[in-house]
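As a plain string of letters, each chain reads:
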Number of protein chains: 2
Amino acid sequence: MFPQGFSAQVARCGLKNNGDPELAVVRSQTPCRAAGVFTTNRVAAAPVRYCQALLARANDLVTAVVINSKNANAVTGPQGDRDCARLASLVDDGDVLTMSTGVIGQPMPMAVYEKGLQELQEADAELLARAMMTTDTHSKVVSREFQGTRWLGVAKGAGMIHPDMATLLALVVTDADIPAAELQQALQEANHLSFQCITVDGDTSTNDSLLVLANGVSGKAPAGWTQVLQEVLIELARMVAFDGEGASHRVTLHVSGVESDAAARTLGRVVLTSPLVKTAIAGKDANWGRILAAAGRSGVAFAPEQAALWWNDLQLLEAGAPTNPGSAAESKAVESPEVELRLVLGQGLGKATLWSCDLTHEYVSINGDYRT
Amino acid sequence: MFPQGFSAQVARCGLKNNGDPELAVVRSQTPCRAAGVFTTNRVAAAPVRYCQALLARANDLVTAVVINSKNANAVTGPQGDRDCARLASLVDDGDVLTMSTGVIGQPMPMAVYEKGLQELQEADAELLARAMMTTDTHSKVVSREFQGTRWLGVAKGAGMIHPDMATLLALVVTDADIPAAELQQALQEANHLSFQCITVDGDTSTNDSLLVLANGVSGKAPAGWTQVLQEVLIELARMVAFDGEGASHRVTLHVSGVESDAAARTLGRVVLTSPLVKTAIAGKDANWGRILAAAGRSGVAFAPEQAALWWNDLQLLEAGAPTNPGSAAESKAVESPEVELRLVLGQGLGKATLWSCDLTHEYVSINGDYRT
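Along each chain, the written sequence defines residue order, and numbers are assigned to residues from 1. Written order decides the labels, with chains lettered from A and ligands numbered from 1. Whole-chain, interface and lining totals are the exception, using all residues; otherwise, since this is a predicted model, local features are given only for residues with pLDDT of at least 70 and side-chain atom pairs are given and counted only at 80 or more. With hydrogens and water set aside, each side-chain value is computed from the structure's full complement of heavy atoms.

**Focus: the overall build of chain A**
Line of reasoning, step 1. Elements are defined by DSSP. Helices are runs of H or I of four residues or more, strands are runs of E of two residues or more, and each kind is numbered from the N terminus. Of regular secondary structure, chain A possesses 11 helices and 15 strands.
Line of reasoning, step 2. Each radius of gyration reported is based on C-alpha atoms, and the globular scaling rule is 2.2 Å times the count of residues to the power 0.38. In terms of C-alpha radius of gyration, chain A reaches 21 Å, essentially the compact-globule figure of 21 Å for 372 residues.
Line of reasoning, step 3. Along the first, second and third principal axes, the C-alpha atoms of chain A reach 65 × 50 × 35 Å.
Line of reasoning, step 4. Categorising residues by exposure relies on relative accessible area from a 1.4 Å probe, with only protein chains included: less than 20% of the type maximum marks a residue as buried, more than 50% marks it as exposed, and the intermediate range marks it as partly exposed. When the 372 residues of chain A are sorted by exposure, 61% land in the buried category.
Line of reasoning, step 5. The method behind every accessible area is Shrake-Rupley, applied with a 1.4 Å probe, and residues are considered shielded solely by the protein chains displayed. Of the accessible surface of chain A, which amounts to about 13000 Å², a share of 48% is contributed by carbon and sulfur atoms.

Structure representation (structure tokens):
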């Protein structure tokens, strides 16, 4: 159910083989405050630069977001900027944000999208989420009701996922009544605990965009709303991480015992990006030596001789030395498609929880012929 | 042919299914000057720490190197240090360097290796190189003769390959007569142009060791010897990169137009580590947008609107915009298993050449069940 005053429309443009829509418009009946965080990639797509400029001058006048999949509008030269502005202008005369995802470096099929914009149909959140999807295997929708306010989040992302910031596209809309500056700050903090804590493959996208729109229609700004925003973003981020391209295991990593939370996140990202760690998990091999080796190249200080590691409650490393629990115990520990790793590295108070997936044959297949 | 005064012996310990030896000893008839560069991984294996300590106190007294494969002696606690020292002591009473490669986190099968040391047999360079191999598909041997001096290099490495420094094990022996300090400096410089310029998967090993031994038996130190050392190391490094686990394409990347050679190397490493770039190459898909996207997250400054890219002589990007050469031309360009990428990023004078391979299903298979 959409927050009050919001609605969505989608169009099927015929670019996806499965009949899913490729175009979506999310509208608010009144202008919204808006906040955003974006890819730090130097090669930022046209819609990213467009949104950044728009939010800098008009973050409480946003009336809509237009989203297209199948084309990222990235590395498309000046024509890409013109296409992006035109798409926004066709939605309405107000300030319209844009998000694009899909193949990089190909001109936007503007005739197709323009025709789609003339054939929009009302859509629920599920269909909105499907319109954003590329290699995602399922849609990602999270909703919350909190003290008279409603929150709805949708996201897409399955590959090219890594901080900062880490998702292709995510949009949260709410009817809560929140000043724009508070919204931006809360978004950045929540982003650190959510999309900054997931990785699929270490590749950051040209198009990463996380937007929040608050139209204030509920008239309420309940204390604790920042917590709700965090919950919505963490849940969306986990969905993205666990739906990593070709994933067969869901991986949660708890890091503790280093000097700061930021250091714990840094170390965790390196571990969860390691192809050797990820292929071992895919192969159901509790090859924890690779986890330590990846931690060791993270640049984060720790004492290897104090390290301890658990793989789904089985302790494999204690005080920097193997526990050698035996192959029967190991086989049991790696049985589950849910992998929970706990890495304790010493006495520091820094800690973090991160989410990822394994690296499988299917990832290679998906990305070997993505454009065909 | 070995440089004067050097010989090698190997033993088959029965740990490898293919009958290759797992143990090698390289001896010099006179004490050698020695130099080394090692993994920067915080989780350094016992033999790495052992070699570092030995070279710090005795870099012109080295008489031998003992190398074992199938066990890395990494994350093995205090017992690992004792095993390493014992292996060295069993070779001879002098200062003996050690190198280990194989699985991380399992105790050394010392009884097996000790028995092997009693059954050593004379070996040529090819067999020496085979004794070091793990998942390598072929041995890596390079030799040079230069103005009365001989140089022989052997290396192993196929996965867990990334700067700094980037290989599992490499050993160069020469009968040139070179002061130890010069040897160390020349090794570090040559390493920057060779093993620092290759990557397979972004994972750095706990065991990376590159050693050079010079016994001076030829009595000569011809001008230009540093160039020979560079050639030997570059050739070995290329062999390692092109024999990456499961590789089906050999990838050479030329980066230019950034502010320094170091920046060019940094950017090149990010591009060649990207799973999305590597899977596109595996799938014969000239998905150059991923190359730009990876460059964009490298932290190196460049102007995307000036970027140009060639894939085996076909220009795909010019002044930051696609050239759209058409699918027939693209199919032809990606046909070859030799992929030469040229990325020109603006006006800077910094440049680098790097080597790598693609990421295939086979990589996932190899690393999914490495320990079994």
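The discussion continues.
**With respect to the packing of aromatic side chains**
Residues and elements named next belong to chain A.
Line of reasoning, step 1. Classification of ring pairs rests on two measures: the distance between centres of Phe, Tyr or Trp rings, Trp counted by its six-membered ring, which must be within 6.5 Å, and the angle between planes, read as stacked under 30 degrees, edge-to-face over 60 and tilted in between. Counted under the stated rule, the structure contains 2 aromatic pairs over all chains.
Line of reasoning, step 2. Taking 6.1 Å as the distance between ring centres and 10° as the angle between the ring planes, the aromatic pair formed by W151 and W225 counts as stacked. With a gap of 74 residues between them, W151 in strand β7 (residues 149-156) and W225 in helix α6 (residues 225-242) connect regions that are remote in the sequence. For the residue pair W151 and W225, the accessibility class agrees, reading buried in each case.
Line of reasoning, step 3. A cation sits over an aromatic face here: R342 above W310, 4.3 Å from the ring centre. The rule is short: NZ of Lys or CZ of Arg within 6 Å of the ring centre and within 35 degrees of the ring normal puts a charge over the ring.

**Some thoughts on the environment of A186(A)**
Residues and elements named next belong to chain A.
Line of reasoning, step 1. Position of A186 relative to the elements: it lies in helix α5 (residues 180-192).
Line of reasoning, step 2. Here A186 falls in the buried class, since its relative accessible area comes to 8%.
Line of reasoning, step 3. Distance from A186 to Q230, taken between C-alpha atoms, is 8.4 Å for residues 44 residues apart in sequence.
Line of reasoning, step 4. Residues count as neighbours in contact if any of their non-hydrogen atoms are within 4.5 Å of one another. Leaving out residues up to four positions away in the same chain, A186 has contacts with W225, T226 and L229.

**What about the domain arrangement of chain A?**
All names here are of chain A.
Line of reasoning, step 1. The assigned domain composition of chain A is domain 1 (6-242) and domain 2 (250-368).
Line of reasoning, step 2. Domain start and stop positions are those given by an automatic or database domain assignment. Summarising the inter-unit geometry, the C-alpha centres of domain 1 and domain 2 are found 32 Å apart.
Line of reasoning, step 3. Two parts placed together each lose some accessible area; with a 1.4 Å probe, that loss summed over both constitutes the buried area. When the area that domain 1 buries against domain 2 is broken down by residue, the three leading residues are C197, T199 and F242, summing to 41%.
Line of reasoning, step 4. Whenever a carboxyl oxygen of Asp or Glu lies within 4 Å of a side-chain nitrogen of Lys or Arg, that contact is scored as a salt bridge. At the surface where domain 1 touches domain 2, the tally comes to 0 salt bridges.
Line of reasoning, step 5. Under the rule applied, a polar contact is a pair of N or O atoms within 3.5 Å (in protein, one hydrogen donor and one hydrogen acceptor; residues adjacent in sequence only if both atoms are side-chain atoms). Connecting domain 1 to domain 2 are 7 residue pairs in polar contact (both at pLDDT 80 or more).
Line of reasoning, step 6. It is α6 that provides the largest number of residues to the side of domain 1 that touches domain 2, a total of 4 residues.
Line of reasoning, step 7. Within the side of domain 1 that touches domain 2, the residues separate by chemical class into 8 nonpolar, 7 polar and 3 charged. Only Asp, Glu, Lys and Arg are considered charged in this grouping, and only Ala, Val, Leu, Ile, Met, Phe, Trp, Tyr, Cys and Pro are considered nonpolar; every other residue, Gly among them, is considered polar.

**Remarks on the nonpolar core**
Line of reasoning, step 1. If you look at the biggest cluster of nonpolar residues, it comprises 158 residues, and the most contacted ones within it are W311(A) and W311(B).
Line of reasoning, step 2. Look past the residues within four positions of W311(A) in its chain and what remains in contact with it is I281(A), D285(A), A286(A), N287(A), I291(A), L316(A), A333(A), V334(A), V339(A), E340(A) and L341(A). For the purposes of this section, nonpolar cores are sets of buried Ala, Val, Leu, Ile, Met, Phe, Trp, Tyr and Cys residues that join through side-chain atoms within 4.5 Å.

**Here's the deal with the sheet that holds strand β11 (residues 308-311) of chain A**
Residues and elements named next belong to chain A.
Line of reasoning, step 1. For two strands to pair, DSSP has to find at least two bridges joining them. Spatially, the 6 strands line up as an open sheet ordered β13-β12-β11-β14-β10-β15, and their pairing is mixed. This sheet does not close on itself; its edge strands, each paired only once, are β13 (321-322) and β15 (350-357).
Line of reasoning, step 2. Summarising the sheet, strand β10 (residues 250-258) and strand β14 (residues 338-344) pair through 7 bridges and their orientation is parallel. Opposite H254, over in β14, you have R342 as the bridge partner.
Line of reasoning, step 3. Axis angles are defined between N-to-C directions and span 0 to 180 degrees, where every axis is a line fitted to C-alpha atoms and, for a helix, only to the segment in contact. The sheet strands contacting α6 are β10 and β15, and the helix crosses β15 at an angle near 45°.

**Regarding the interface of chain B and chain A**
Line of reasoning, step 1. Counting residues at the interface gives 54 residues for chain B, matched by 54 residues for chain A.
Line of reasoning, step 2. For the pair chain B and chain A, the summed buried area comes to about 4300 Å², and 57% of that belongs to carbon and sulfur atoms.
Line of reasoning, step 3. Between chain B and chain A we count 2 salt bridges in total.
Line of reasoning, step 4. For R297(B), the salt bridge is made with D203(A), and the minimal N-O distance between the two is 2.4 Å.
Line of reasoning, step 5. Here chain B is connected to chain A by 19 residue pairs in polar contact (both at pLDDT 80 or more).
Line of reasoning, step 6. Mapped onto the side of chain B that touches chain A, the elements with two or more residues apiece are α8 (275-282), α9 (288-296), β13 (321-322) and α11 (361-368) of chain B.
Line of reasoning, step 7. A total of 7 residues in the side of chain B that touches chain A trace back to one element, the largest contributor, which is α9(B).

**Considering the sheet that holds strand β11 (residues 308-311) of chain B**
Residue and element names in this part refer to chain B.
Line of reasoning, step 1. Within the open sheet, the 6 strands sit side by side as β13-β12-β11-β14-β10-β15. Their pairing is mixed. On the outer flanks of this sheet lie β13 and β15 (350-357), each paired with one strand and no other.
Line of reasoning, step 2. Relative to strand β14 (residues 338-344), β11 runs antiparallel, the two sharing 4 bridges. When the sheet's bridge partners are listed, L309 is paired in β14 with L343.
Line of reasoning, step 3. Sheet contacts for helix α6 (residues 225-242): β10 (250-258) and β15; angle to β15, the most-contacted strand, approximately 45°.
Line of reasoning, step 4. Those strands touched by helix α7 (residues 261-273) are β10, β14 and β15, and its axis lies near 25° from that of β15.

**Brief notes about the layout of surface pockets**
Line of reasoning, step 1. Each pocket or cavity is described by its volume, and for the largest pocket that value is around 1000 Å³.
Line of reasoning, step 2. Together, 46 residues line the largest pocket, and T273(A), R297(A), H162(B), T273(B) and R297(B) are the ones closest to its centre.
Line of reasoning, step 3. Elements that contribute at least two residues to the lining of the largest pocket include exactly α7 (261-273) and α8 (275-282) of chain A together with α7 and α8 of chain B.
Line of reasoning, step 4. Looking at side-chain class alone, the lining of the largest pocket contains 14 nonpolar, 18 polar and 14 charged residues. Cavities and pockets are defined on a 1 Å grid built over the protein atoms alone: a cavity is a set of grid points where a 1.4 Å probe fits but cannot escape, while a pocket is an open set with protein on both sides within 12 Å along at least five of seven lines, and lining residues are those with an atom within 4 Å of any such point. Grid points are joined across faces, edges and corners, and a volume is the space filled by probe spheres set on the points.

**Thoughts on the packing of helix α5 (residues 180-192) of chain B against α6(B)**
Residues and elements named next belong to chain B.
Line of reasoning, step 1. Interhelical geometry of α5 versus α6 gives an angle of 45° and a closest axis separation of 9 Å. With respect to their mutual orientation, α5 and α6 come out oblique. When you trace α5 past α6, the crossing you get is right-handed. Of the residues in α6, those in contact with E182, L183, A186, L187, A190 and N191 of α5 are W225, T226, L229, Q230 and L233.
Line of reasoning, step 2. Split by residue class, the contact of α5 with α6 holds 7 nonpolar, 3 polar and 1 charged. For classification purposes, an angle smaller than 35 degrees is called roughly parallel, one larger than 145 roughly antiparallel, one from 65 to 115 roughly perpendicular, and anything else oblique. Note on convention: the crossing is left-handed when the near helix lies turned anticlockwise from the far helix by less than a right angle, right-handed when the turn is clockwise.

**Some details on the state of the cysteines**
All names here are of chain A.
Line of reasoning, step 1. Two cysteine sulfur atoms form a disulfide, by the criterion used here, when they sit within 2.5 Å. The tally for this structure, following the rule as stated, stands at 0 disulfides over all chains.
Line of reasoning, step 2. Here C84 stays unpaired: no disulfide links it, and the sulfur of C51, its closest cysteine neighbor, is 6.8 Å away.
Line of reasoning, step 3. Summary of cysteine pairing: C357 is not part of a disulfide, and the nearest cysteine sulfur, belonging to C197, is at 15 Å.

**Brief notes about α6(B)**
Because an α-helix packs 3.6 residues into every turn, residues spaced three or four apart end up facing the same way.
Line of reasoning, step 1. Taking 1.5 Å as the rise per residue, α6(B) with 18 residues should run 26 Å; its terminal C-alpha atoms sit 26 Å apart, in good agreement.
Line of reasoning, step 2. Looking at α6(B), one finds that the buried residues are W225(B), V228(B), L229(B), Q230(B), V232(B), L233(B), L236(B), A237(B), V240(B), A241(B) and F242(B). Here, expected helix span is obtained from the residue count minus one, scaled by 1.5 Å.

**A word on the relation of the copies chain B and chain A**
Line of reasoning, step 1. Placing chain B over chain A gives an RMSD of 0.0 Å and needs a rotation angle of 180°, together with 0.0 Å of translation along the axis. Both chain copies can therefore be described as sitting about a two-fold axis. Considering only C-alpha atoms, the part of chain B nearest the rotation axis is H361(B), at 2.5 Å.
Line of reasoning, step 2. The residues that chain B uses at the interface reappear at the interface of chain A in 100% of cases, marking a shared surface. We place the copies in one frame by least squares, fitting the C-alpha atoms of every residue whose pLDDT is at least 70 in both.

**Side note on the pairing of β15(B)**
A regular strand places its side chains on the two faces of the sheet in alternate fashion.
Residues and elements named next belong to chain B.
Line of reasoning, step 1. For β15, the buried fraction is high: 6 of the 8 residues fall into the buried class.
Line of reasoning, step 2. Of the strand pairs in this sheet, β10 and β15 are connected by 8 bridges, and their pairing is antiparallel. Considered in β15, the bridge of V251 is made with S356.

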